[in-house]
Amino acid sequence: MRVLVVKTSSMGDVLHTLPALTDAANNLPNITFDWVVEENFSQIPSWHFAVDEVIPVAIRRWRKNWFAKTVREERHQFIEHLRRQQYDCIIDAQGLIKSAFLITRKARGIKHGLDRQSIKEPIASWFYDVKHHVPKQMHAIERVRMLFAKSLNYLQPDSIGDYAIARHFLTALPDDNQKYLVFLHATTREEKHWTEEAWRELIKLIQPTGLRIKLPWGAPHEQERALRLAQGFNHVEVLPKLSLNEIATIIAGSKAVVSVDTGLSHLTAALDRPNITLFGKTDPNLIGGYGKNQHSIISKDKTMQSITSNEVYQMLTAFI
């Protein structure tokens, strides 16, 4: 049985789809998946044992210059590639008009997705042959697991979902495995940032433990913040710019992670590493860390400024 998964972005949403693939593979031994995903996240599906082909798409890049000749040619080549395969089942787990219209409707096979009451953009459900009801007040991972179980006609397991990607990194762990922490300080929305003062206070509290701290970054302004956080501390390392695969390897080898609400926090959960995620306004019950040793500190007044470094350190001591 060959299934096409349409889940293009964001990083957290792509990672949240992995346990559903594991469920399906455990219930349907002959199943294989192809997966359409945004080019920036195309490494993620390849880490899962049940994925045969990753089909990158570039909607985010294309829409900046939609009618340019090169973009039109890329879109044409993508659709040609997509339509080569007749699928037994197509599961649109994205639930957006753009993914349903540009991708799902063009693929060949019976198309499954969420119904109007369950989906983020109800018009997208027009493009599905089979529509499934999934309650909204569930963690995002459990919603995708339920969608897959209904689409592929198996009983959804009661056990916690298994991302099944940690094993991919077991043979590539760094030499200093378990001797460092990773602090994920970068996120896209300003209200999700923890203050630099609080990060530096936490770094100072860690110093007597002998553990080192690694600071990854993705954009130049994030690198500048990392350099400010590390200034004056010999036990802090600002990492070079890394690929997603390289960052995953660093996280997989860490003793524990402290993070703000960001895609890499979900990657940490998928890699089964102990993780403390700091939340302001976001409700972690719906999109928070899911899996082994995932812990949340939720601001009492919905602002990141009220979370103290001592509060984080006290929780972190359980892992260091």
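Model, not experiment: these values are computed from the prediction. (Residues numbered from 1 in each chain as written. Predicted model: local features only at pLDDT ≥ 70, side-chain atom pairs only at ≥ 80, totals over all residues. Heavy atoms only, no water.)

Student: So what about the overall build of the protein chain? Which residues, and what values?
Tutor: Per the secondary structure count, the protein chain includes twelve helices and twelve strands. On C-alpha atoms alone, the protein chain measures out to a radius of gyration of 20 Å, which is about the 20 Å that the 2.2 N^0.38 rule sets for 320 residues. For the protein chain, the proportion of its 320 residues judged to be buried stands at 55%. Counting only contacts in the protein chain whose residues sit at least 6 apart along the sequence, the fraction spanning at least 24 positions is 59%. Surface exposure of the protein chain reaches about 14800 Å², of which carbon and sulfur atoms provide 50%. Of the side-chain charges in the protein chain, 40 are positive and 34 negative, and the distance between the mean point of each set is 4 Å. (Helix = DSSP H or I, 4+ residues; strand = E, 2+ residues; numbered from the N terminus. Rg over C-alpha atoms; globule rule 2.2 N^0.38 Å. Buried < 20%, exposed > 50% of the residue type's maximum accessible area, 1.4 Å probe, protein only. Contact = heavy atoms within 4.5 Å. Areas by Shrake-Rupley, 256 points an atom, 1.4 Å probe, with all protein chains shown as cover. Lys, Arg positive; Asp, Glu negative; His and termini not counted. Charge placed at Lys NZ, Arg CZ, Asp CG, Glu CD.)

Student: Can you lay out the packing of aromatic side chains for me, pointing to particular residues and giving the numbers?
Tutor: On inspection of all chains with the given rule, the structure shows seven aromatic pairs. For the pair Trp-62 and Phe-78, a centre-to-centre distance of 6.1 Å together with 65° between the ring planes defines the contact as edge-to-face. Note that Trp-62 is positioned in helix 3 (residues 59-62) and Phe-78 in helix 4 (residues 69-82), a separation of 16 residues in sequence. Like Trp-62, the residue Phe-78 is buried in the burial classification. Aromatic pair Phe-101 and Phe-127: ring centres 5.9 Å apart, planes at 65°, arrangement edge-to-face. Pair noted here: Phe-101 is in helix 5 (residues 97-102) and Phe-127 is in the loop between strand 5 (111-114) and strand 6 (130-132), with a separation of 26 residues, a long-range link. Through a chain of ring-to-ring contacts, the aromatic side chains of Phe-183, Trp-194 and Trp-199 assemble into a single cluster. (Phe/Tyr/Trp six-rings, centres within 6.5 Å; stacked < 30°, edge-to-face > 60°.)

Student: Explain the environment of Asp-13 residue by residue, including any values.
Tutor: Tracing the backbone shows Asp-13 in helix 1 (residues 11-27). Taking relative accessible area as the criterion, Asp-13 reaches 30% and is therefore assigned partly exposed. Residues Asp-13 and Ile-141, spaced 128 residues apart in sequence, show a C-alpha to C-alpha distance of 8.5 Å.

Student: Please set out the nonpolar core residue by residue, giving values where relevant.
Tutor: Phe-33, Ile-44, Phe-148, Leu-152, Ile-165 and Leu-267 are the most contacted members of the largest nonpolar core, which has 57 residues in total. Those elements giving two or more residues to this core turn out to be strand 1 (2-6), helix 1, strand 2 (32-38), strand 4 (89-92), helix 6 (140-152), strand 7 (180-184), helix 9 (244-252) and helix 10 (263-270). Top contributing element to this core by residue count: helix 1, with eight residues. Trp-199, Ile-203, Val-236 and Ile-276 belong to the second largest nonpolar core, which has 28 residues in total. (Core = buried A, V, L, I, M, F, W, Y, C linked by side-chain atoms within 4.5 Å.)

Student: Break down the pattern of salt bridges for me, with residues and values.
Tutor: As enumerated under the stated definition, the model contains twelve salt bridges in all. Of the charged contacts in the structure, one is a salt bridge between Asp-23 and Arg-145, with a shortest N-O distance of 2.6 Å. Highlighted residues: Asp-23 in helix 1 and Arg-145 in helix 6, separated in sequence by 122 residues. One salt bridge in this structure joins Arg-61 and Glu-74, with 2.8 Å as the shortest N-O distance. (Salt bridge = Lys/Arg side-chain N within 4 Å of Asp/Glu carboxyl O.)

Student: Explain the layout of surface pockets residue by residue, including any values.
Tutor: If you add up the space inside the second largest pocket, you get close to 170 Å³. A class-by-class count of the residues in the lining of the second largest pocket yields two nonpolar, four polar and six charged. (1 Å grid on protein atoms, 1.4 Å probe; cavity = no way out; pocket = protein on both sides within 12 Å on 5 of 7 lines; lining within 4 Å. Points joined across faces, edges and corners; volume = space filled by probe spheres on them. Nonpolar A, V, L, I, M, F, W, Y, C, P; charged D, E, K, R; others polar.)

Student: Can you break down the environment of Tyr-290 residue by residue, with the values?
Tutor: Looking at the element boundaries, Tyr-290 is found in the loop between helix 11 (284-287) and strand 12 (294-298). Considered as a pair, Tyr-290 and His-139 are 151 residues apart in the sequence and their alpha carbons are 8.5 Å apart. Non-local contacts of Tyr-290, meaning those with residues more than four positions away in its chain, are made with His-139, Ile-141, Glu-142, Arg-145, Ile-160, Gly-161, Tyr-163 and Ala-269. Separated by 2.7 Å, the side chain of Tyr-290 and the backbone nitrogen of Gly-161 make a polar contact. (Polar contact = N/O pair within 3.5 Å; in protein donor to acceptor, adjacent residues only side chain to side chain.)

Student: Any details on the sheet that holds strand 10 (residues 256-260)? Residues and values, ideally.
Tutor: A sheet is described by the order of its strands in space; here six strands give the open sequence 9-8-7-10-11-12, paired in parallel fashion. One side of each edge strand has no neighbouring strand; the edge strands of this open sheet are strand 9 (236-238) and strand 12. Taken over all neighbouring pairs, the strand axes of this sheet differ in orientation by 20° on average, direction set aside. As paired elements, strand 7 and strand 8 (residues 212-215) share three bridges and run parallel to each other. Paired with Leu-181 across the strands is Ile-213, a residue of strand 8. Sitting on the sheet, helix 8 (residues 220-230) touches strand 8 and strand 9, and the angle it makes with strand 9 is about 160°. (Pairing = 2+ DSSP bridges. Axes fitted to C-alpha atoms, helices over the stretch in contact; angles between N-to-C directions.)

Student: If you had to explain unusual backbone geometry to someone new, which residues and values would you point to?
Tutor: Ser-9 connects to Ser-10 through a cis peptide bond whose omega is -10°. Even without glycine at this site, Asp-272 takes up a positive phi of about 65°. Relative to the assigned elements, Asp-272 resides in the loop between helix 10 and strand 11 (275-279). Asp-272 sits in the partly exposed class, given a relative accessible area of 24%.

Student: Please set out a nonpolar patch on the surface residue by residue, giving values where relevant.
Tutor: Taken together, the side chains of Ile-97, Phe-101, Ile-123 and Trp-126 make up a nonpolar region of the molecular surface, amounting to roughly 400 Å² of accessible area. Mapped onto the elements, Ile-123 comes out in the loop between strand 5 and strand 6. (Patch = residues over 30% accessible without salt bridge, like charges linked within 9 Å, V, L, I, M, F, W, Y side chains within 5 Å.)

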